[in-house]
Amino acid sequence: MLNKEDEKLLALLQRDGRASISDLARALSLSRATVQSRLQKLQDNGVIKGFTLELGESYLANLVAAHVSIKVKQKLTAKTNSELRQMPQISALYAISGEYDLIAIVQAQSTEQLSHLLDDIGNLDGVERTTSSVILETKFKRHSS
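None of these values were measured; they are calculated from a predicted model.

**Focus: the sheet that holds strand β2 (residues 90-95)**
Link 1 in the chain: Strand order in the open sheet formed by four strands is β2-β3-β1-β4, and the pairing between neighbours is antiparallel. Lying at the two open borders of the sheet, with one neighbouring strand each, are β2 and β4 (127-135). Each adjacent strand pair in this sheet contributes to an overall mean axis angle of 20°, direction not counted.
Link 2 in the chain: Across five bridges, β2 lies against strand β3 (residues 102-108) in antiparallel orientation. Note on β3: the bridge partner recorded for Ile90 is Val106.
Link 3 in the chain: The strands that helix α6 (residues 111-122) touches are β1 (64-72), β2, β3 and β4; relative to β4, the one it contacts most, it runs at about 155°.

Below, the structure is given as structure tokens:
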């Protein structure tokens, strides 16, 4: 169960995950030791899973992104998922219903790199076929917070 100070701490971290303990303590009118203790407790309890990097729009604008629908042989699903997880260009993998089993969100630095990545995905043991849609433009994107 979170108290109000924990909720405020989480809100501050969601705005700036790189905020220092001192800055957080100052914003919450708490001691550094108290903030450090609360952070550790939130991590220990699984409320905070980790701290991540959010890439800037100037970098993301230069990437080529695509949705890759993947049909997988059912007996090899776990192995295929594991191999897909190892590909750093795949930012998300979703299990879906319908003709295909998975959708991978991929990002590459060029169309040439994207082509090689699509070949790598298609050549994985267990992948029956893929269909790709290159993202031409993002009209809007909602961020969770």
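**Side note on the nonpolar core**
Link 1 in the chain: Counting residues in each nonpolar core, the largest one holds 17 residues, and the members touching the most others are Ile70, Leu84, Met87, Ile90, Val106 and Ile121.
Link 2 in the chain: The set of elements that each furnish at least two residues to this core consists of β1, β3 and α6.
Link 3 in the chain: Per element, the largest residue contribution to this core is five residues, and it comes from β1.
Link 4 in the chain: In this structure Ile90 touches Leu84, Ala104, Ile105, Val106 and Ile121, once residues within four positions along its chain are discounted.
Link 5 in the chain: Counting 12 residues, the second-largest nonpolar core is a separate cluster that includes Leu9, Leu12, Leu24 and Val35.

**A look at the pairing of β3**
On a regular strand, each side chain points to the face opposite its neighbour's, so the side chains alternate between the two faces of the sheet.
Link 1 in the chain: Burial of β3 is extensive: five of the seven residues sit out of reach of the surface.
Link 2 in the chain: The hairpin turn running from β2 into β3, its antiparallel successor, is six residues long, and Gly98 in that turn takes a positive phi close to 110°.

Cut-offs and rules
- Residues numbered from 1 in each chain as written.
- Predicted model: local features only at pLDDT ≥ 70, side-chain atom pairs only at ≥ 80, totals over all residues.
- Heavy atoms only, no water.
- Pairing = 2+ DSSP bridges.
- Helix = DSSP H or I, 4+ residues; strand = E, 2+ residues; numbered from the N terminus.
- Axes fitted to C-alpha atoms, helices over the stretch in contact; angles between N-to-C directions.
- Contact = heavy atoms within 4.5 Å.
- Core = buried A, V, L, I, M, F, W, Y, C linked by side-chain atoms within 4.5 Å.
- Buried < 20%, exposed > 50% of the residue type's maximum accessible area, 1.4 Å probe, protein only.

In short, geometric facts, not functional conclusions.
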